[in-house]
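Chain and residue survey
The chain contents come next:
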Amino acid sequence: RLYAGVAVAAALLAAALIGFSALSGDDSESAPPPAAVDGRATARLFAGIPQDGIALGRPDAPVTLVEFADFQCPFCASFARDALPEIVRKYVRPGKVRIEYRALAFIGSDSDAAREMALAAAQQDRLWQFGHLLFENQGEENSGWVTEERLEATANAVPGLDVERALADRSVAAVAEQAEMAEHHARQFEISGTPAFLAGRTGGKLERIEIQSLDAGALTPTLDSLLEE
């Protein structure tokens, strides 16, 4: 397993403290899933914000942010917990920024299972709630933590999500197409680790953002600059 480090306050500590997932390791023994998932805070975070498949936010938002992530990546989970809520409150909820999710699955089989279910939830415009809850309750990489029971418990915590339909929709063509599109864009922009981000004026050219931390401040200068254009 390899991790590409990011710079934080002390350069000598960066690789030890924080990094980006870049390659998987071997599978290990499975971990037991939780009996239930509390989705109340996640429901409040996204309540009232329009969703359209993999997109969160108003379609006419002037700026688009694209996130590449793997549901097993611990650094993606850190971003989801520590930075995304501020990005949502400051930019997405007021209609300034629209975020598109590109789900990758390179760490292992748990990544594939999580991505399938998240993209199935996207068929009901609930990807962001479901994905955020997966990150909030993330298990150890390749431990077998993405079980059917875990997926159902997470889905049941998402208000308005038809769980039986989502379970069935994992096999629909649209899910495979979204996964293929994410991988295509990752190759196009030479994404080799997660989380990774692109941003640009909506409908215009997207540029890679080279982030130096996993807090909201890693993205706000770029978003603010784009909003001033």
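Worth saying up front: this structure is predicted, and the values here are computed from it rather than measured.

Attention now moves to the overall build of the protein chain. Broken down by element type, the protein chain carries ten helices and eight strands. For the protein chain, buried positions account for 51% of its 229 residues. Partitioning the intrachain contacts of the protein chain with sequence separation of at least 6 by distance along the chain shows that 78% fall at a separation of at least 24. Just so you have it, the protein chain exposes about 10,400 Å², and 49% of that area is on carbon and sulfur atoms.

Let us now look at empty space enclosed by the protein. Applying the stated criterion across every chain yields a total of one cavity of 30 Å³ or more. Each pocket or cavity is described by its volume, and for the largest cavity that value is around 80 Å³. Contributing elements (two or more residues each) for the lining of the largest cavity: α3 (74-82) and α6 (127-136). Partitioned by chemical class, the residues of the lining of the largest cavity number eight nonpolar, two polar and one charged.

Let us now look at the packing of helix α5 (residues 109-122) against helix α9 (residues 173-188). Where α5 contacts α9, the axes come no closer than 9 Å and their chain directions differ by 115 degrees. Taken as axis vectors, α5 and α9 run roughly perpendicular relative to one another. The two elements α5 and α9 cross, and the hand of that crossing is right-handed. Counting all contacts with α5, which are made through Arg115, Glu116, Leu119 and Ala120, the residues of α9 involved are Val175, Gln178, Ala179 and Glu183. When the residues that make up the contact of α5 with α9 are grouped by side-chain class, the tally is four nonpolar, one polar and three charged.

Take the pattern of salt bridges next. Applying the stated criterion to the full structure yields nine salt bridges. For arginine 98, the salt bridge goes to glutamate 100, with nearest N and O atoms at 2.7 Å. According to the relative accessible area criterion, arginine 98 is buried, its value standing at 15%. Classification of glutamate 100 as buried rests on a relative accessible area of 16%.

Under the 1.5 Å per step criterion, the end-to-end length of α9 is 22 Å for 16 residues, consistent within 8% with the ideal 22 Å. For α9, every residue scored as buried is listed here: Val175, Ala179, Ala182, His185 and Ala186. The buried side chains of α9 occupy one side of the element, clustering within an arc of 130 degrees when seen end-on. Turned more than 90 degrees off the buried face of α9, the exposed positions are Ala173, Glu177, Glu180 and Arg187. Close packing links the buried residues of α9 with β5 (63-70), β6 (97-104), α5 and α8 (163-169).

This next bit is on the pairing of β5. Taking burial as the measure, the eight residues of β5 include eight buried ones, the bulk of the element. With burial as the criterion, each face of β5 is covered, one bearing Val63, Leu65, Glu67 and Ala69 and the other bearing Thr64, Val66, Phe68 and Asp70. Relative to β6, β5 is paired through eight bridges, and the arrangement is parallel. Across the sheet, valine 66 pairs through a bridge with glutamate 100, a residue of β6.

It is worth spelling out the side chain of threonine 64 at this point. In this fold, threonine 64 is placed in strand β5. A distance of 2.9 Å separates the side chain of threonine 64 from the side chain of threonine 202, its partner in a polar contact. Contacts of threonine 64, omitting those with residues within four sequence positions, involve Arg98, Glu100, Leu198, Ala199, Gly200, Thr202 and Leu206.

A separate point is the packing of aromatic side chains. The geometry of an aromatic ring pair comes down to the distance between the two centres and the angle between the two planes. Scanning all chains against the criterion turns up five aromatic pairs. Both rings, one in tyrosine 101 and one in tryptophan 128, keep their centres 5.6 Å apart while their planes meet at 85 degrees; by these two values the pair is edge-to-face. In this pair, tyrosine 101 sits in strand β6 while tryptophan 128 sits in helix α6, placing the two residues 27 residues apart along the sequence. Residue tyrosine 101 shares its accessibility class with tryptophan 128, and that shared class is buried. Each member of the aromatic cluster is reached from another via a ring pair, and the members are Phe46, Phe71, Tyr101, Trp128 and Phe135.

The rules we used
Residues numbered from 1 in each chain as written. Predicted model: local features only at pLDDT ≥ 70, side-chain atom pairs only at ≥ 80, totals over all residues. Heavy atoms only, no water. Helix = DSSP H or I, 4+ residues; strand = E, 2+ residues; numbered from the N terminus. Buried < 20%, exposed > 50% of the residue type's maximum accessible area, 1.4 Å probe, protein only. Contact = heavy atoms within 4.5 Å. Areas by Shrake-Rupley, 256 points an atom, 1.4 Å probe, with all protein chains shown as cover. 1 Å grid on protein atoms, 1.4 Å probe; cavity = no way out; pocket = protein on both sides within 12 Å on 5 of 7 lines; lining within 4 Å. Points joined across faces, edges and corners; volume = space filled by probe spheres on them. Nonpolar A, V, L, I, M, F, W, Y, C, P; charged D, E, K, R; others polar. Axes fitted to C-alpha atoms, helices over the stretch in contact; angles between N-to-C directions. Parallel < 35°, antiparallel > 145°, perpendicular 65-115°, else oblique. Left-handed = near helix turned anticlockwise from the far one by under 90°. Salt bridge = Lys/Arg side-chain N within 4 Å of Asp/Glu carboxyl O. Expected span 1.5 Å × (residues − 1). Arc of directions from axis to C-beta. Pairing = 2+ DSSP bridges. Polar contact = N/O pair within 3.5 Å; in protein donor to acceptor, adjacent residues only side chain to side chain. Phe/Tyr/Trp six-rings, centres within 6.5 Å; stacked < 30°, edge-to-face > 60°.

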